[in-house]
Amino acid sequence: MSWLKVELDEGRTSFRPGEVVRGTASWSLDGPPAAVEVRLIWFTQGKGDRDVGLVESVPAAAPGIQGGLSFAFTLPDGPYSFSGTLVSLLWAVEAVALPASDAALTELVVSPSGREILLPRETPDAGAR
Amino acid sequence: MRARDNPFAVHRIHALRFRLTEDGWRELLARLDALDLRAAIVGPEGAGKTLLLEELGARLGTLGRAPRLLTLRRGDRRPAPEARAALLAGLGGGDVVLVDGADELGSLAWSSLRRATRAAGGLVVTSHRPGLLPTLWTCGTSVELLADLVRELVGSAEAEVLRPHLAALFDRHRGDLRAALRALYDLYGASPATAGPPPGA
């Protein structure tokens, strides 16, 4: 049974723009991978199609069936983690083994406060003045 | 409710699988073989044709075939030149060409694509109407199927709360399950606990 895992240092999942996300990816696969990558990404979830942004990617050198890789990603200025009723934007570090596309993902929050920004719910008469 | 927590968010709907038992898959693959791997998946909008085509492609992949997918959008009378070139490059007997939305193509473009894919081991298309190729599978929908999908997305208890809405949603969207599930996103997001009274209550 294949598995991959992404662990952030000290279990920290809240960050501010410009901070460094450090951690370790580890894996044990059924067969030798062509490549293993650890990626810093953001993506959307909600009513519409998913948007994804790849911020930085680190390949493992000569990955084997089992292995580990430390990473340190510097977070950009944005976008911030937020949620409204129609769309949420999430950040994550994911580890992907190719070509099977086995993957593991650990979510994090990026914002000036270190907390997800919650957008106010739109009301039908909002701005109808 | 946060969009990420809405059980009808697109990523959760995309994670749903086509409702077909292993016996059903065996039957479908046997029929595809009997049709010399040239066949059509037919059905109305939102009935799961694309999903079935994608899952069929994955199954063919595990059987040693190499699926090549071309997706056509509404109004695509011909494939984009780059997409067509990529689809046909080095096409051989191990490849199975999958065309989603083949009935969007104009008759000349369809004939041309059909000729150009003769070298492939197979050609499977989706279409709203039968006739492009022998029909492999006809996708249909029902309120019961919608209820089953809702149950998978929200669990049995909340599915019961939503149940009174489903027949009206199914009718309003003329059996298009994709559209009905999209409408449920708004309904659930408005009030997940009760989703309001059912229409006509």
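Residues numbered from 1 in each chain as written. Chains lettered and ligands numbered in written order. Predicted model: local features only at pLDDT ≥ 70, side-chain atom pairs only at ≥ 80, totals over all residues. Heavy atoms only, no water.

### Thoughts on the overall build of chain A
Here's step 1: Of regular secondary structure, chain A possesses 0 helices and 10 strands.
Here's step 2: Listed by position from the N terminus, the elements making up chain A come as β-β-β-β-β-β-β-β-β-β.
Here's step 3: A burial count over chain A gives 38% of its 129 residues as buried.
Here's step 4: Separation between the mean location of the 10 positive side-chain charges and that of the 16 negative ones in chain A comes to 7 Å. (Helix = DSSP H or I, 4+ residues; strand = E, 2+ residues; numbered from the N terminus. Buried < 20%, exposed > 50% of the residue type's maximum accessible area, 1.4 Å probe, protein only. Lys, Arg positive; Asp, Glu negative; His and termini not counted. Charge placed at Lys NZ, Arg CZ, Asp CG, Glu CD.)

### Some words on helix 7 (residues 156–172) of chain B
Residue and element names in this part refer to chain B.
Here's step 1: Taking 1.5 Å of rise per residue, the 17 residues of helix 7 would be expected to cover 24 Å, and the 24 Å separating its terminal C-alpha atoms lies within 8% of that figure.
Here's step 2: The sharpest bend along helix 7 comes to roughly 50°, located at Arg 163, with the proline Pro 164 sitting one to four residues further on.
Here's step 3: Listed as buried for helix 7 are Ala 159, Leu 162, His 165, Leu 166, Leu 169 and Phe 170.
Here's step 4: Turning to helix 7, the residues buried within the fold contact helix 6 (143–154) and helix 8 (177–190).
Here's step 5: One or two steps after helix 7, the chain reaches Arg 174, where phi turns positive at roughly 50°. (Expected span 1.5 Å × (residues − 1). Bend = angle between axes of the 7 residues up to and from the residue. Contact = heavy atoms within 4.5 Å.)

### Re the packing of aromatic side chains
Here's step 1: For the structure shown, the criterion picks out 2 aromatic pairs over all chains.
Here's step 2: Where Phe71(A) meets Phe73(A), the ring centres are 5.4 Å apart and the plane angle is 25°; that geometry is what we call stacked. Each member of the pair, Phe71(A) as well as Phe73(A), is classed as buried.
Here's step 3: A ring pair is formed by Phe8(B) and Tyr188(B), whose centres lie 5.8 Å apart and whose planes are at 65°; its orientation type is edge-to-face. Pair noted here: Phe8(B) is in the segment before helix 1 (10–14) and Tyr188(B) is in helix 8, with a separation of 180 residues, a long-range link.
Here's step 4: When its relative accessible area of 2% is taken as the criterion, Phe8(B) is described as buried.
Here's step 5: We classify Tyr188(B) as buried; its relative accessible area is 6%. (Phe/Tyr/Trp six-rings, centres within 6.5 Å; stacked < 30°, edge-to-face > 60°.)

### Things to note about unusual backbone geometry
Residues and elements named next belong to chain A.
Here's step 1: In this structure, Pro 79 follows Gly 78 across a cis peptide bond, with omega equal to 0°.
Here's step 2: Positionally, Pro 79 belongs in the loop between strand 6 (66–74) and strand 7 (82–83).
Here's step 3: The omega torsion of the bond from Leu 98 to Pro 99 falls at 10°, within 30 degrees of zero and hence cis.
Here's step 4: As for its position among the elements, Pro 99 is in the loop between strand 8 (87–98) and strand 9 (102–110).

### Let's talk about the sheet that holds strand 3 (residues 95–100) of chain B
Residue and element names in this part refer to chain B.
Here's step 1: Taken in spatial order, the 5 strands make up an open sheet running 2-3-4-1-5, and their pairing is parallel. Edge strands, defined here as strands with exactly one partner in the open sheet, are strand 2 (66–71) and strand 5 (135–138). Looking at each pair of strands side by side, their axes are set apart by 20° on average, direction ignored.
Here's step 2: One ladder, built from 4 bridges, connects strand 3 with strand 4 (residues 122–127); its direction is parallel. Paired with Leu 98 across the strands is Val 124, a residue of strand 4. (Pairing = 2+ DSSP bridges. Axes fitted to C-alpha atoms, helices over the stretch in contact; angles between N-to-C directions.)

### A word on the sheet that holds strand 6 of chain A
Residue and element names in this part refer to chain A.
Here's step 1: Read across the sheet, 3 strands follow the order 1-3-6 without closing on themselves; strand pairing throughout is antiparallel. In this open sheet, the two edge strands, each paired with only one partner strand, are strand 1 (3–8) and strand 6. Mean inter-strand twist for the sheet, computed between neighbouring axes without regard to direction, equals 20°.
Here's step 2: When strand 3 (residues 20–28) meets strand 6, the two strands line up antiparallel, connected through 9 bridges. Note on strand 6: the bridge partner recorded for Val 21 is Phe 73.

### Topic: the interface of chain B and chain A
Here's step 1: The partner chain A presents 16 residues to the 12 residues of chain B that form the contact.
Here's step 2: Between chain B and chain A, roughly 1100 Å² of surface is buried when both sides are summed, and carbon and sulfur atoms account for 49% of that area.
Here's step 3: When the buried area of chain B at its contact with chain A is split by residue, Arg4(B), Val10(B) and Tyr185(B) rank highest and sum to 43% of it.
Here's step 4: Taken together, the links from chain B to chain A amount to 4 salt bridges.
Here's step 5: In this structure, Arg4(B) engages Glu107(A) in a salt bridge whose closest nitrogen and oxygen atoms are separated by 2.4 Å.
Here's step 6: Counting across the interface, chain B meets chain A through 12 residue pairs in polar contact (both at pLDDT 80 or more).
Here's step 7: Breaking the side of chain B that touches chain A down by element, the ones donating at least two residues are helix 1 and helix 8 of chain B.
Here's step 8: Ranked by residues supplied to the side of chain B that touches chain A, first place goes to helix 8 of chain B with 5 residues. (Buried area = accessible area lost by both parts, 1.4 Å probe. Salt bridge = Lys/Arg side-chain N within 4 Å of Asp/Glu carboxyl O. Polar contact = N/O pair within 3.5 Å; in protein donor to acceptor, adjacent residues only side chain to side chain.)

### Brief notes about the domain arrangement of chain B
Accessible area lost on assembly of the parts is the figure often given for the size of an interface.
Here's step 1: Here chain B is partitioned into domain 1 (35–138) and domain 2 (141–190).
Here's step 2: For domain 1 of chain B versus domain 2 of chain B, the separation of C-alpha centres amounts to 30 Å. (Domains from an automatic or database assignment.)

### So, the pattern of salt bridges
Here's step 1: Considering all chains together, one arrives at 17 salt bridges over all chains under this definition.
Here's step 2: Of the charged contacts, one joins Lys47(A) and Asp186(B) as a salt bridge, the two residues approaching to 2.6 Å between their closest N and O atoms. Here Lys47(A), found in the loop between strand 4 (35–46) and strand 5 (52–59), pairs with Asp186(B), found in helix 8, and the two come from separate chains.
Here's step 3: The class of Lys47(A) is partly exposed, set by a relative accessible area of 25%.
Here's step 4: The class of Asp186(B) is partly exposed, set by a relative accessible area of 37%.

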